[in-house]
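Letter by letter, the chains look like this.
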Amino acid sequence: MVILTVSANELVRERWKQILREDYNLIEAASYREMAECLARQPVDIVLLHRSLCDMKLLASLAGRRFFVFADAPDEDEAISLVRLGAVGYANSYAAPAFLREAVRIVLEGRVWLGQKVVQKIIEGNAKAIDGIELQSSPDPNLSDREWQVAFLVGKGKTNLEIAAELDISERTVKAHISSIFKKTSTNSRLQLALYVRNLLV
């Protein structure tokens, strides 16, 4: 796996390198220009991006790529904004080594890494956005009506137990539906699925 670390702060890049170099092939960039050159030169599995370098131009250039933003002073609202712009993770630049290794492993598996408070805030905001929208037949032709019902309720922030009670099915059946929905929608988490549902409806 190839990881590109991008920060104008040499100490931050060195810290990330010390923590991750045993498990991954690391390349470094200290500027937007260097990052662009690295990305043009070779395939990269994920970009670890220091928040101090983030701007809309840089984020736009990462469209379709996996990138993880690290901030010196993490902020929940900023995390939500960056996830909506495509970030697969958001954490403290100086996270503990075990935390950083775990975060990178999770996002390389295709999942999203965020603090629980941030995830909850996003799901609550998602639920408010689709509140009042009536459940209709699936707008996604790949999902059966039952799968869409389950996805819709995930989008509203419902737990598996609540979905099972509302649809009068077993919790085990709900889990089976969600596994199928993840595959059909190319999502890997309840958060990604909730955002997917919102994008179809709002």
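Analysis parameters
- Residues numbered from 1 in each chain as written.
- Predicted model: local features only at pLDDT ≥ 70, side-chain atom pairs only at ≥ 80, totals over all residues.
- Heavy atoms only, no water.
- Helix = DSSP H or I, 4+ residues; strand = E, 2+ residues; numbered from the N terminus.
- Buried < 20%, exposed > 50% of the residue type's maximum accessible area, 1.4 Å probe, protein only.
- Contact = heavy atoms within 4.5 Å.
- Phe/Tyr/Trp six-rings, centres within 6.5 Å; stacked < 30°, edge-to-face > 60°.
- Polar contact = N/O pair within 3.5 Å; in protein donor to acceptor, adjacent residues only side chain to side chain.
- Disulfide = S-S within 2.5 Å.
- Arc of directions from axis to C-beta.
- Pairing = 2+ DSSP bridges.
- Axes fitted to C-alpha atoms, helices over the stretch in contact; angles between N-to-C directions.
- Parallel < 35°, antiparallel > 145°, perpendicular 65-115°, else oblique.
- Nonpolar A, V, L, I, M, F, W, Y, C, P; charged D, E, K, R; others polar.

Participant: An account of the environment of Ala8 is requested, with residue identities and associated values reported.
Facilitator: If you trace the backbone, Ala8 turns up in the loop between strand 1 (2-6) and helix 1 (10-20). On the accessibility criterion, Ala8 (52% relative accessible area) is exposed. Ala8 sits 118 residues away from Asn126 along the chain, and the two C-alpha atoms are 35 Å apart. Apart from residues no more than four positions distant in its own chain, Ala8 is found in contact with Arg13, Ala30 and Leu53.

Participant: How would you summarise the side chain of His177 if you had to cite specific residues and measurements?
Facilitator: With respect to the helices and strands, the residue His177 is situated in helix 9 (residues 171-185). If we ignore the near neighbours within four places in the chain, the residues touching His177 are Arg146, Glu147, Val150 and Ile169.

Participant: Run through the packing of aromatic side chains, naming residues and quoting values.
Facilitator: Using the criterion set out here, one finds four aromatic pairs in the structure. Taken together, a centroid distance of 5.0 Å and an interplanar angle of 50° make the contact between Trp16 and Phe70 tilted. Highlighted residues: Trp16 in helix 1 and Phe70 in strand 4 (residues 67-71), separated in sequence by 54 residues. A residue is classified by how much of its surface remains accessible, and Phe70, at 1% relative accessible area, is buried. Note on Phe68 and Phe70: the rings are 4.4 Å apart at their centroids and 10° apart in plane angle, and the pair reads as stacked. Residues Phe68 and Phe70 agree in their burial class; the two are buried. By the ring-pair criterion, three or more aromatic residues cluster together here, those being Trp16, Phe68 and Phe70.

Participant: Account for the environment of Glu147, naming residues and giving values.
Facilitator: Turning to its location among the elements, Glu147 is positioned in helix 7 (residues 145-155). We classify Glu147 as buried; its relative accessible area is 6%. C-alpha of Glu147 to C-alpha of Ser180: the two residues are 33 residues apart in sequence and 8.1 Å apart in space. Among all residues touching Glu147, those that are not within four sequence positions of it are Asn142, His177, Ser180, Ile181 and Lys184. Separated by 2.7 Å, the side chains of Glu147 and Ser180 make a polar contact. There is a polar contact of 2.9 Å between the side chain of Glu147 and the side chain of Lys184.

Participant: Outline the state of the cysteines, supporting the account with residue identities and numerical values.
Facilitator: Overall, the coordinates contain zero disulfides when judged by the stated rule. Cys54 forms no disulfide, and the closest cysteine sulfur to it belongs to Cys38, at a distance of 16 Å.

Participant: Lay out helix 8 (residues 160-167) with the relevant residues and their values.
Facilitator: By the burial criterion, the buried members of helix 8 are Asn160, Ile163, Ala164 and Leu167. Each buried residue of helix 8 sits inside an arc of 100° when the element is viewed along its axis, so together they form one side. Facing away from the buried side of helix 8 by over 90 degrees, the exposed positions are Leu161 and Ala165. In this structure, the buried side of helix 8 is in contact with helix 7, helix 9 and helix 10 (190-201). Just past helix 8, the residue Asp168 takes up positive phi, approximately 55°.

Participant: Account for the sheet that holds strand 1, naming residues and giving values.
Facilitator: What the five strands build is an open sheet, ordered 2-1-3-4-5; its pairing is parallel. Because the sheet does not close on itself, it has two edges, and the strands there are strand 2 (25-29) and strand 5 (89-92). Looking at each pair of strands side by side, their axes are set apart by 20° on average, direction ignored. Pairing geometry for strand 4 and strand 5, over four bridges, is parallel. Among the inter-strand pairings, Phe68 is bridged to a residue of strand 5, identified as Gly89.

Participant: Tell me about the packing of helix 1 against helix 5 (residues 97-108), residues and numbers included.
Facilitator: One can describe the packing of helix 1 onto helix 5 by two numbers: an axis separation of 10 Å at closest approach and a directional angle of 75°. Our classification of the angle between helix 1 and helix 5 gives roughly perpendicular. Only Pro97, Leu100, Arg101 and Val104 of helix 5 make contact with helix 1, whose side of the interface consists of Arg15, Trp16, Ile19 and Leu20. Among the residues forming the contact of helix 1 with helix 5, the class breakdown is six nonpolar, no polar and two charged.

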